[in-house]
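Working through the structure, step by step
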Amino acid sequence: MVDYLSEDLVIKILLRLPILCFIRFRCVCKSWSVLLCDPKFIYKKLLFDGEEDDRYSQQPVLVKRYDQKTRNFVFSFFSGSGKMSAIEEITYPKDIMRESTTDLPSLLIVGPCCNGLICLRDFFNLRSEYHYSDCNMILWNPLTSDYKIIPESDAWLRPESCDYISLDIVEFGIDRRSRDGKIFKYFTVDYPDHRERVVEIYSMNNDSWTKLDDDVVSVVDIWDRSGKCHITGANGEFHWWDTDLDNNSRNQIVSFDLSDEIFKTAPIPDALSMVYYKYHFVFTINDYVAALLSPNIAHFIEGMDMWVMFEYGVVQSWSKLFTVSFSSCVERPLGLLKNGEVFIATGCGELLLWNPSTEAISDILIDGVYDSVQIVTFNGAVNQV
């Protein structure tokens, strides 16, 4: 029956099948075996969201960088494919966001764009000399210039017996059940004889913070706090590349579901678990957890591997799709476009665009500063905040 179907029709059918079926269907015929083992086709399937005519359409990309001449952060929209062109510079409510008193970047984009809203945070802090106990945050629509100041949470109001409190993780995402925009904060609280973790969640619908029960938070200790090395949350879950200090420092994925408000963990294969990575960028391709890993210990990245977990929690389902080498000084990956291309920052504050399927690497001409460049794919909604 396969012989009576055109190749295009076969591909359209296979793209709609669960990816775990690929293993079974490789034995149908030789051509299917070749196709279903091809990393480029598997990547195409991961990107496919059921809307065939729209899956390669380009969405605008919001780029944040630090301009050394003006000594200000600059936001710009980019659109198109390949060589992307700037549309215009966008003003943001910078008077609300405070300057940092340290060498850390003083303004960060938190998480993905959710319903047209961008979450911005600073590193302003008045309560601790060495640790960030809270920050200023806003939800901002760059199309309408509307913004909302997020009220301060209560977690930093520490007991007198506490040595210090540190704000380690800040996330922004959408509750896929209620469609409510939510902000996640993870604090570490140190006492003379023990350590506690505190999680608070802000709801846009309620305009308030809620503290999670201690028994929910105590099951994990998220050791990896590289906040710019992952973008998750658009599908209602956050994912972190974590080091399990209680299990021989093995790496694992820690996830948090905004709807159920529970943590869960997924093991990582031994081949990946005990390796030191210069950067590990965790992201999602639709509902699949993926990671870009660079095992280099040099100052800049020389290459990256793309790994995908096809079934959450099943260690055997991890698979490496691509490996890429770089000739320029690459600092870290930044984010993923809808068509699968990956933004990468260089050590000079420039942008590269890597297409894993074609293996092409393009330069995007912007003038930024090391460690200041961030990107977020804009979903185009015009939400009032």
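That block above? That's the structure.
Right, let's walk through the structure included here. In this text, all values refer to a predicted model and were calculated from it rather than measured experimentally.

1. Looking at the sheet that holds strand 11 (residues 208–211)
Across the sheet, which stays open at both edges, the 4 strands sit in the order 8-9-10-11 with antiparallel pairing between neighbours. This sheet does not close on itself; its edge strands, each paired only once, are strand 8 (164–174) and strand 11. For this sheet, the mean inter-axis angle between neighbouring strands, taken without regard to orientation, is 25°.

2. Describing the layout of surface pockets
The gaps left among the atoms become clear once a water-sized probe is rolled over them. One number sums up the size of the largest pocket: a volume of about 980 Å³. Considering the residues around the largest pocket, the lining is formed by 30 residues, among which Q59, P112, A234, T284 and N286 are closest to the centre. Counting residues per element, the ones that place at least two in the lining of the largest pocket are strand 4 (107–114), strand 16 (279–285), strand 19 (318–336) and strand 23 (374–377). When its residues are assigned to classes, the lining of the largest pocket shows 15 nonpolar, 9 polar and 6 charged.

3. With respect to the pattern of salt bridges
Pairing of side chains with opposite charge becomes possible as their charged atoms draw close. Under the criterion given, the structure shown has 8 salt bridges. Notably, a salt bridge pairs R176 with D257, separated by 3.5 Å at the nearest N-O pair. Within this pair, whereas R176 is found in the loop between strand 8 and strand 9 (181–190), its partner D257 is found in strand 14 (residues 250–257), the two being separated by 81 residues in sequence. The class for R176 is partly exposed, based on a relative accessible area of 38%. For D257, a relative accessible area of 8% translates into the label buried. The partner of K211 in a salt bridge is D214, with the nearest N and O atoms 2.9 Å apart. Linked through salt bridges whose partners overlap, the residues forming this network are R176, E237, D257 and K264.

Cut-offs and rules
Residues numbered from 1 in each chain as written. Predicted model: local features only at pLDDT ≥ 70, side-chain atom pairs only at ≥ 80, totals over all residues. Heavy atoms only, no water. Pairing = 2+ DSSP bridges. Helix = DSSP H or I, 4+ residues; strand = E, 2+ residues; numbered from the N terminus. Axes fitted to C-alpha atoms, helices over the stretch in contact; angles between N-to-C directions. 1 Å grid on protein atoms, 1.4 Å probe; cavity = no way out; pocket = protein on both sides within 12 Å on 5 of 7 lines; lining within 4 Å. Points joined across faces, edges and corners; volume = space filled by probe spheres on them. Nonpolar A, V, L, I, M, F, W, Y, C, P; charged D, E, K, R; others polar. Salt bridge = Lys/Arg side-chain N within 4 Å of Asp/Glu carboxyl O. Buried < 20%, exposed > 50% of the residue type's maximum accessible area, 1.4 Å probe, protein only.

Geometric values such as these leave the question of function open.
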